Amino acid sequence: MADKQISLPAKLINGGIAGLIGVTCVFPIDLAKTRLQNQQNGQRMYTSLSDCLIKTIRSEGYFGMYRGAAVNLTLVTPEKAIKLAANDFFRHHLSKDGKKLTLLKEMLAGCGAGTCQVIVTTPMEMLKIQLQDAGRIAAQKKLMAAQAQLSSSPAAAAAEPAVETRTTATQITRELLRSKGIAGLYKGLGATLLRDVPFSIVYFPLFANLNKLGQKDPNVKAPFYVSFLSGCLAGSTAAVAVNPCDVIKTRLQSLQRGVNEDTYSGILDCTKKIWQREGPTAFFKGAYCRALVIAPLFGIAQVVYFIGIAEFLLDMLPKHRA
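How each quantity is defined
- Residues numbered from 1 in each chain as written.
- Predicted model: local features only at pLDDT ≥ 70, side-chain atom pairs only at ≥ 80, totals over all residues.
- Heavy atoms only, no water.
- UniProt positions renumbered as here; feature names shortened; annotations may be inferred.
- Salt bridge = Lys/Arg side-chain N within 4 Å of Asp/Glu carboxyl O.
- Helix = DSSP H or I, 4+ residues; strand = E, 2+ residues; numbered from the N terminus.
- Buried < 20%, exposed > 50% of the residue type's maximum accessible area, 1.4 Å probe, protein only.
- Patch = residues over 30% accessible without salt bridge, like charges linked within 9 Å, V, L, I, M, F, W, Y side chains within 5 Å.
- Areas by Shrake-Rupley, 256 points an atom, 1.4 Å probe, with all protein chains shown as cover.
- Phe/Tyr/Trp six-rings, centres within 6.5 Å; stacked < 30°, edge-to-face > 60°.
- Axes fitted to C-alpha atoms, helices over the stretch in contact; angles between N-to-C directions.
- Parallel < 35°, antiparallel > 145°, perpendicular 65-115°, else oblique.
- Left-handed = near helix turned anticlockwise from the far one by under 90°.
- Contact = heavy atoms within 4.5 Å.
- Nonpolar A, V, L, I, M, F, W, Y, C, P; charged D, E, K, R; others polar.

As annotated in an unreviewed UniProt entry, the protein is Mitochondrial glutamate carrier 1 from Malurus cyaneus samueli. Listed under Subcellular location (unreviewed entry) in UniProt, the entry text for the protein is "Mitochondrion inner membrane". Under the heading Function (unreviewed entry), UniProt records this for the protein: "Mitochondrial glutamate/H(+) symporter. Responsible for the transport of glutamate from the cytosol into the mitochondrial matrix with the concomitant import of a proton. Plays a role in the control of glucose-stimulated insulin secretion."

S.K.: Before we move on, could you go through the pattern of salt bridges and cite the residues and values that matter?
M.R.: Under the definition given, this model contains 19 salt bridges. As a salt-bridge pair, K128 and E125 come within 3.4 Å of each other at their nearest N and O atoms. Here K128 pairs with E125, and both are found in helix α4 (residues 103-150), just three residues apart, close to one helical turn. Each of the two residues, K128 as well as E125, counts as buried. Owing to a relative accessible area of 8%, E125 belongs among the buried residues under this scheme. Among the charged side chains, a salt-bridge network with shared partners connects D30, K33, E125, K128, R195, D196, D246, K249 and R290.

S.K.: Describe in detail a nonpolar patch on the surface, supporting the description with residues and values.
M.R.: The grouping of F224, Y225 and L229 at the surface amounts to a nonpolar patch, some 360 Å² of accessible area in total. Positionally, L229 belongs in helix α8 (residues 224-241).

S.K.: Explain the packing of aromatic side chains to me, using residue names and the numbers behind them.
M.R.: Each aromatic ring pair is specified by the distance between its two centres and by the angle formed by the two planes. The tally for this structure, following the rule as stated, stands at 10 aromatic pairs. Seen in terms of ring centroids, Y62 and Y66 are 6.1 Å apart; in terms of plane orientation they differ by 45°. Their pairing is tilted. The partly exposed category is assigned to Y62, whose relative accessible area is 48%. For Y66, a relative accessible area of 23% translates into the label partly exposed. Ring centres of Y203 and F204 lie 5.1 Å apart, and the angle between their planes is 75°; this geometry places the pair in the edge-to-face category. This pair shows no difference in class: Y203 is buried, exactly as F204 is. Pairwise contacts between aromatic rings join F199, Y203, F204, F207 and F298 into one cluster.

S.K.: Tell me about the packing of helix α3 (residues 69-94) against helix α7 (residues 189-213), and name the residues and values.
M.R.: Axis separation between α3 and α7 bottoms out at 12 Å; the angle between their running directions is 70°. With respect to α7, the element α3 is oriented roughly perpendicular. When the axes of α3 and α7 are compared, the crossing they make is right-handed. The segment α3 lies against α7, with K83, L84, N87 and R91 engaging F199, S200, F204 and A208. Along the lines of polarity and charge, the residues of the contact of α3 with α7 split into four nonpolar, two polar and two charged.

This is the structure:
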């Protein structure tokens, strides 16, 4: 079938709207995922998703669950727009012969989309992780200070509760640019590619084929609920599949560490230390959180994208004739 061609501006608007709606809905779960992935053995502040969210609200208030959301809401529009538009671009050019795309070509299109998106994804994730994990580091310091005050040693008795200094994305960006240049914002680029490229290779072909199952007629789009469910299922499947890479990426991009927590020199060093000190199950920390984030995020994205809100908005603009 030859679907109606959507203009590039419409694709960008659709992707942006989808990203904004999705991030707003699922950001607290994403914050919990980051904190669960970053905590290491012996320094666990949270036992589960619900425990993390409850403790976050108690110590940081309701809006504490949205720490780092401003970065995502600012950059998710170009990130989602690039990802969805790039996938369509590669699919279109790989099917120039008019034949149905093979699974291999669908995977190649997804690979291209995942590679393109890291231009925006890496700095976005870099900044978001610092802000999301700051509350966990501060809570750990407060707990240790409280324990020290209960100790009988003179040094411990003199300890004062740690006071959290709130930093902003702008401050982090300026410091990184001052100390490391533009490369500072791309710390963890290799791990981001390692996560996002396989994700897109799995997600886009799976979504396309699941969505086709809901088409009664090949010349008619699948109902919106089919696109939503297909996006949810494909997104959660791909998210769990690449979760080990997401754990590695999160650890590498964290600039601050809790007390006695490991530091890493690269992907191989991080993988080795996690395996040896925390066991293979550590690579799936936050997997269910990530699935809960990605499922509705991509479900909403696909509904908005395929309904074509942007086409409606662009059609409302006055037409200028020569």
